[in-house]
Amino acid sequence: MSVISIKEAQELMKKLYLERDKERGQERTFLKLVEEVGELAESLLLQDKEKISEEIADILAWTLSIANLLEIDAIKEFQEKYNEICPGCSESPCSCDSV
Ligand SMILES: [Zn+2]
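The present account deals with the structure reproduced in this document. (Residues numbered from 1 in each chain as written. Predicted model: local features only at pLDDT ≥ 70, side-chain atom pairs only at ≥ 80, totals over all residues.)

Quick word on the overall build of the protein chain
- Scanning the protein chain for helices and strands turns up three helices and zero strands.
- Viewed in the frame of its principal axes, the protein chain has a C-alpha envelope of about 45 × 35 × 35 Å.
- Burial analysis of the protein chain (99 residues in total) assigns 10% to the buried set. (Helix = DSSP H or I, 4+ residues; strand = E, 2+ residues; numbered from the N terminus. Buried ≥ 20, exposed ≤ 12 C-beta atoms within 10 Å, placed from the backbone.)

Concerning helix H1 (residues 6-46)
- Here H1 contains 41 residues, and its C-alpha end-to-end distance of 28 Å is more than 12% below the 60 Å for a straight helix at 1.5 Å per residue.
- Turning to H1, its buried residues are Gln 10, Met 13, Asp 21, Thr 29 and Glu 36.
- Among the structural elements, helix H2 (49-69) and helix H3 (74-81) are those in contact with the buried residues of H1. (Expected span 1.5 Å × (residues − 1). Contact = placed C-beta atoms within 7 Å.)

Observations concerning unusual backbone geometry
- Look at the link from Ser 92 to Pro 93: it is a cis peptide, with omega at 0°.
- Summarising the element assignment, Pro 93 is placed in the segment after H3.
- Even without glycine at this site, Gln 47 takes up a positive phi of about 50°.
- Following the sequence through the fold, Gln 47 ends up in the loop between H1 and H2.
- Positive phi, normally seen in glycine, also occurs at Glu 84, with a value near 75°.
- Residue classification places Glu 84 among the exposed positions, given that 7 C-beta atoms sit within 10 Å.

Section: the environment of Ala 61
- For Ala 61, the position within the fold is in helix H2.
- Looking at Ala 61, the number of C-beta atoms within 10 Å reads 18, which means it is partly exposed.
- Spatially, the C-alpha atom of Ala 61 lies 29 Å from that of Cys 89, the residues being 28 residues apart in sequence.

Comments concerning H2
- With 21 residues, H2 extends 30 Å from end C-alpha to end C-alpha; this agrees with the ideal 30 Å at 1.5 Å per step.
- Looking at H2, one finds that the buried residues are Glu 55, Trp 62, Leu 64, Ser 65 and Asn 68.
- Tucked into the core, H2 has its buried residues touching H1 and H3.
- After H2 finishes, the residue Glu 71 shows a positive phi value of roughly 55°.

Some remarks on the packing of H1 against H2
- It is the contact of H1 with H2, at a shortest axis distance of 6 Å, that shows an interaxial angle of 140°. Taken as axis vectors, H1 and H2 run oblique relative to one another. Crossing of H1 over H2 shows left-handed handedness.
- The class makeup of the residues in the contact of H1 with H2 is 18 nonpolar, seven polar and nine charged. (Axes fitted to C-alpha atoms, helices over the stretch in contact; angles between N-to-C directions. Parallel < 35°, antiparallel > 145°, perpendicular 65-115°, else oblique. Left-handed = near helix turned anticlockwise from the far one by under 90°. Nonpolar A, V, L, I, M, F, W, Y, C, P; charged D, E, K, R; others polar.)

Some details on the environment of Arg 28
- Among the secondary structure elements, Arg 28 is positioned in helix H1.
- Taking the C-alpha atoms as reference points, Arg 28 and Ala 57, separated by 29 residues in sequence, lie 19 Å from one another.

So, in structure tokens, the structure goes:
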């Protein structure tokens, strides 16, 4: 298995799921993401590393589905916001007051 970029991952999600994501719509696709965040919470409580890893993959997948529905280039937005420095304090590493 070769490593793919976030851009390629978003393209993959588009190819696999865009039609279904459109049928489901933004609101219900967002609820799927929230469901997976809930499952991540449970697996963190159990400290089940395998399950935690799966939920992280699912959260990324659903996040990219939402980006696809809205025609947002996720990695482009990420790079613009997190451009070498913390967007909160403009430092690297971050020195914001709250952890
Ligand atoms: Zn900061």
